[in-house]
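Tertiary structure, described
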Amino acid sequence: MGNGIAHVCARSGFNVLLYDINQSSLYRGLDTIRTNIAREVAKQKLTQEQADEARSRITLTTSLKDLAPASLAIEAATERFDIKAEIFRELDRILAPEAILASNTSSISITKIAARTKRPGQVIGMHFFNPVPVMKLVEIIRGLQTSPVTFDTVFSIALQLDKTPIEVNDAAGFISNRVLMPLINEAIYAVMEGVATPEAVDQVFVLGMAHPMGPLTLADFIGLDVCVDIMRVLADGLGNPKYNPCPLLIRMVDAGWLGRKSGRGFYTYPVK
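Structural notes, computed from the coordinates.

Reading guide: rules and limits
Think of each chain on its own: its residues are numbered from 1, step by step along the sequence as written. pLDDT decides what is reported in this predicted model: residues at 70 or higher carry local features, side-chain atom pairs at 80 or more are listed and counted, and totals for whole chains, interfaces and linings draw on all residues regardless. Water and hydrogen atoms play no part in the side-chain values, which are based on all heavy atoms of the structure. The aromatic pairing rule takes the rings of Phe, Tyr and Trp, using the six-membered ring of Trp, and pairs them if the centres are within 6.5 Å, calling planes under 30 degrees apart stacked, those over 60 edge-to-face and the rest tilted. What counts as a helix is a DSSP run of H or I of at least four residues, what counts as a strand is a run of E of at least two, and both are numbered from the N terminus. We call a residue buried when its accessible area falls under 20% of the maximum for its residue type, exposed when it is over 50%, and partly exposed in between, using a 1.4 Å probe and counting protein chains only. For a Lys NZ or an Arg CZ to count as sitting over a ring, it must be within 6 Å of the ring centre and within 35 degrees of the ring normal. A pair of strands is labelled paired if DSSP reports no fewer than 2 bridges between them. Every axis in this analysis is a line fitted to C-alpha atoms, fitted for helices over the stretch in contact. Angles between the N-to-C directions lie between 0 and 180 degrees. The salt bridge criterion pairs a side-chain nitrogen of Lys or Arg with a carboxyl oxygen of Asp or Glu, the two atoms within 4 Å. Note on definitions: a residue-residue contact is assigned when non-hydrogen atoms from the two residues lie within 4.5 Å. To define a nonpolar core, start from buried Ala, Val, Leu, Ile, Met, Phe, Trp, Tyr and Cys residues and group those joined through side-chain atoms within 4.5 Å. When an angle is under 35 degrees it counts as roughly parallel; over 145 it counts as roughly antiparallel; between 65 and 115 it counts as roughly perpendicular; any other value is oblique.

With that settled, consider the packing of aromatic side chains. Two aromatic rings are characterised by how far apart their centres lie and by the angle between their planes. Counted according to the given criterion, the structure contains one aromatic pair. Summarising the aromatic geometry, the rings of Phe151 and Phe155 are spaced 5.7 Å apart at their centres and angled 35° between planes, so their arrangement reads as tilted. Of this pair, Phe151 and Phe155 both sit in helix 6 (residues 148-160), four residues apart, which is roughly one turn of the helix. Under the relative-accessibility criterion, Phe151 is labelled buried at 5%. Given a relative accessible area of 26%, Phe155 falls into the partly exposed group. The ring of Phe151 carries Arg142 above its face, with NZ or CZ at 3.9 Å from the centroid. The ring centre of Trp257 lies 3.6 Å from the NZ or CZ of Arg264, which sits over that ring.

With that out of the way, let us pick up unusual backbone geometry. In this model, Asn130 is joined to Pro131 through a cis peptide bond whose omega is 0°. Mapped onto the fold, Pro131 is located in the loop between strand 5 (123-128) and strand 6 (137-142). Within the chain, Asp162 stands out as a residue other than glycine whose phi angle is a positive 65°. Structurally, Asp162 is set in the loop between helix 6 and strand 7 (164-169). For Ala210, which is not glycine, the phi torsion reads 60° and is therefore positive.

Glancing now at the sheet that holds strand 7. Pairing within the open sheet is mixed, and its five strands lie in the order 3-4-5-6-7. Each edge of the open sheet carries a strand with a single partner, namely strand 3 (72-75) and strand 7. Neighbour to neighbour, the strand axes of the sheet diverge by 30° on average, direction disregarded. For strand 5 and strand 6, the ladder comprises five bridges, and the chain directions are antiparallel. If you follow His127 over to strand 6, its bridge partner there is Glu139.

What follows covers the pattern of salt bridges. Following the criterion strictly, the structure yields twelve salt bridges and no others. Notably, a salt bridge pairs Arg34 with Asp31, separated by 3.4 Å at the nearest N-O pair. Of this pair, Arg34 and Asp31 both sit in helix 2 (residues 23-42), separated by three residues, roughly a single helical turn. Of the residues examined, Arg34 reaches a relative accessible area of 42% and is grouped as partly exposed. Here Lys84 ties to Glu79 by a salt bridge, and the two come within 3.7 Å at their closest N and O atoms.

Relative to the helices and strands, His7 resides in helix 1 (residues 2-11). Apart from residues lying up to four places away in sequence, His7 is in contact with Ile33, Asn36, Ile37, Glu40 and Pro133.

What tends to happen in soluble globular proteins is that the nonpolar side chains get buried as a cluster. Grouped together as the largest cluster of nonpolar side chains are 28 residues, with contacts concentrated most on Ile124, Met126, Phe128, Ile140 and Leu161. Mapped onto this core, the elements with two or more residues apiece are helix 1, strand 1 (16-19), helix 2, helix 3 (48-56), strand 4 (100-103), strand 5, strand 6 and helix 6. For this core, the element with the most residues is helix 1, which contributes five residues. Each residue touching Ile124, except ones within four places of it in the same chain, is listed here: Ile100, Leu101, Ala102, Ser103, Ile110, Ile140, Ile141, Thr146, Thr150, Phe151 and Val154. In this structure, Ile184, Val191, Val201 and Val228 belong to the second largest nonpolar core, which totals 27 residues.

Here the focus is the packing of helix 7 (residues 176-192) against helix 11 (residues 247-254). In the contact formed by helix 7 and helix 11, the axes pass within 8 Å of each other and the chain directions differ by 90°. Taken together, the axes of helix 7 and helix 11 are roughly perpendicular relative to one another. Contacts between helix 7 and helix 11 pair Asn185, Ile188, Tyr189, Val191 and Met192 from the former with Pro247, Leu248, Leu249 and Arg251 from the latter.

Following this line, the structure appears as structure tokens:
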């Protein structure tokens, strides 16, 4: 997600500082950006000159202190509150007082994240969808204390990124994952209970409901560990046991079957 967000920001004329704690992860992210930009050139969505300019706007860093000049920080760490809270505490300390802090979280409360900073009015959700260079939607999530100026600024930036921003109020899972994740979870129950095979479940949704991919293929693409984390956020945030992750999903994650990124989930994949 991070390299996709960096890609669209650079493509739209913004200077980007791409941060990760791991140098090799940064290089892999940059390789992905180069590949995706080259694909856009091949499809004549960008000229080679525009592609070169976009790439030149991206600077890599493994030092969080280097982000100090940023006027907008977009966090895209793993879907764990403790990790995000620590990042926001550090960003709050490092960035200028007027800077906006945004989270790409797909389920965690923006109000809860904002409370870990001294600038809750300038904290907001900016939930992109994968693959970021292709998908048009961005959920813009207002925390309880998000100021109108912060919201309007981020909404405008999303438009500059050639995205379609949708306003959402702060609630566990927002719109997208509050609806999508229970669907995926129920599809996993259908497999666990022997109702149908993963292939059959997915075919029903592709052929019968015109989904571009079935819910289990999508779960593998998202990452089964991420699905567990999001379901637990929903269960905790909404206080309803219907959001508890399916036992089969938990067992698969415990086994290290995380989906496409690990080479095995509901399907098997070549390991890169």
